[in-house]
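# Geometric and topological summary
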Amino acid sequence: MHVVSDMIGTVTTGSPVIGLVRWVRQHQSALRANLFFASIIPTYLWARLGFVEWQAWGQRLMISALPLIKNPSLESLEDMGAWSVERELWPKRRPDVLDRLARHVEEGAQVYLASSVYEPTVKAFAARMGVRAIGTPLEIVDRKVRFAEPAAADERKAEKVLSRLGVRRLAAAYGDTWADIPLLELADRPVAVYPDATLKATAEERGWEILGDLDAA
């Protein structure tokens, strides 16, 4: 039995980019970190106002933040991921969703945290949960860190999950936005977690379970 959950917005409301930039501020350069934060304010406001698609903006932001890490190594990337989880993502976890996933583990399911987020960060969060991780791997080329493959989101995430697990269907899946609909469609038990408006409407129309209310959160 396989259960797959999205990460950002589903099991935590924290930001992997904020985690990375704060790690850079703490361990490498406060100046670089502060300048980066200042540089993204205009596009952040545009995205919040709906003039820029939020999911796409977040994906671009993850890529643009990676050059902040200077002289990267496998060890420093793992440290960044663990630090991000400890200081940013775990404090903003959703206990009700984590409890539900923990019950799946107790029932013998293979539970995976699947996300387009940096793989070291996903692995660190999944380790806290006692589950497995599917993230976007990083590589170091010419002393710079970058995505080793395109970030898996939307249909690409669903395809990656099926390929990685070697299955055609999931017992259950959890997601929080319209971008998770392809993943939820793979599950016998799809669960919309604190869903955005589009996912909520889809869940209501199809009779999917809704866990949590974003407007009341």
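Here the structure is a predicted model, which is why all the values come from computation and not from measurement.

Bringing the pattern of salt bridges into the picture now. This model, assessed by the stated rule, comprises 12 salt bridges. With a closest N to O distance of 3.1 Å, Glu88 and Lys92 form a salt bridge. Since its relative accessible area comes to 3%, Glu88 is described here as buried. Taking the relative accessible area as the measure of exposure, Lys92 reaches 36% and is therefore partly exposed. For the salt bridge of Glu149 with Lys160, the shortest nitrogen-to-oxygen distance reads 2.8 Å. Note that Glu149 is positioned in the loop between strand 5 (144-147) and helix 7 (155-165) and Lys160 in helix 7, a separation of 11 residues in sequence.

Here the focus is a nonpolar patch on the surface. Taken together, Ile41, Tyr44, Leu45 and Trp54 make up a surface patch of nonpolar side chains, about 360 Å² in accessible area. Looking at the nonpolar patch, the element that brings in the most residues is helix 2 (residues 30-48), giving 3 residues. Looking at where Tyr44 falls in the secondary structure, it is placed in helix 2.

Here we come to the packing of aromatic side chains. Applying the stated criterion across every chain, the model contains 2 aromatic pairs. Above the face of the Tyr194 ring, Arg94 is positioned so that its terminal group lies 3.8 Å from the ring centre.

A separate point is the pairing of strand 3 (residues 132-136). Each regular strand carries side chains that alternate between the two faces of the sheet. By the criterion of burial, strand 3 is predominantly enclosed, with 4 of the 5 residues buried. Taken together, the 4 bridges between strand 2 (residues 110-118) and strand 3 define a ladder with parallel strand orientation. Bridge pairing links Tyr112 to Arg132 in strand 3.

The next subject is the layout of surface pockets. In this structure, the largest pocket occupies an estimated 1100 Å³ of space. Residue lining of the largest pocket: 41 residues in total, with Ile8, Gly9, Gly14, Trp54 and Gln55 positioned closest to the centre. The biggest single contributor to the lining of the largest pocket is helix 3 (residues 54-65), with 8 residues. Class assignment for the residues of the lining of the largest pocket results in 20 nonpolar, 10 polar and 11 charged. A volume near 150 Å³ is recorded for the second largest pocket. Along the walls of the second largest pocket sit Leu74, Leu77, Glu78, Glu119, Pro120, Lys123, Pro137 and Leu138, which together make up its complete lining. Secondary structure elements with two or more residues in the lining of the second largest pocket: helix 4 (74-89) and helix 6 (119-129). Within the lining of the second largest pocket, the residues separate by chemical class into 5 nonpolar, no polar and 3 charged.

What counts and what doesn't
- Residues numbered from 1 in each chain as written.
- Predicted model: local features only at pLDDT ≥ 70, side-chain atom pairs only at ≥ 80, totals over all residues.
- Heavy atoms only, no water.
- Salt bridge = Lys/Arg side-chain N within 4 Å of Asp/Glu carboxyl O.
- Buried < 20%, exposed > 50% of the residue type's maximum accessible area, 1.4 Å probe, protein only.
- Helix = DSSP H or I, 4+ residues; strand = E, 2+ residues; numbered from the N terminus.
- Patch = residues over 30% accessible without salt bridge, like charges linked within 9 Å, V, L, I, M, F, W, Y side chains within 5 Å.
- Areas by Shrake-Rupley, 256 points an atom, 1.4 Å probe, with all protein chains shown as cover.
- Phe/Tyr/Trp six-rings, centres within 6.5 Å; stacked < 30°, edge-to-face > 60°.
- Lys NZ or Arg CZ within 6 Å of the ring centre and 35° of its normal.
- Pairing = 2+ DSSP bridges.
- 1 Å grid on protein atoms, 1.4 Å probe; cavity = no way out; pocket = protein on both sides within 12 Å on 5 of 7 lines; lining within 4 Å.
- Points joined across faces, edges and corners; volume = space filled by probe spheres on them.
- Nonpolar A, V, L, I, M, F, W, Y, C, P; charged D, E, K, R; others polar.

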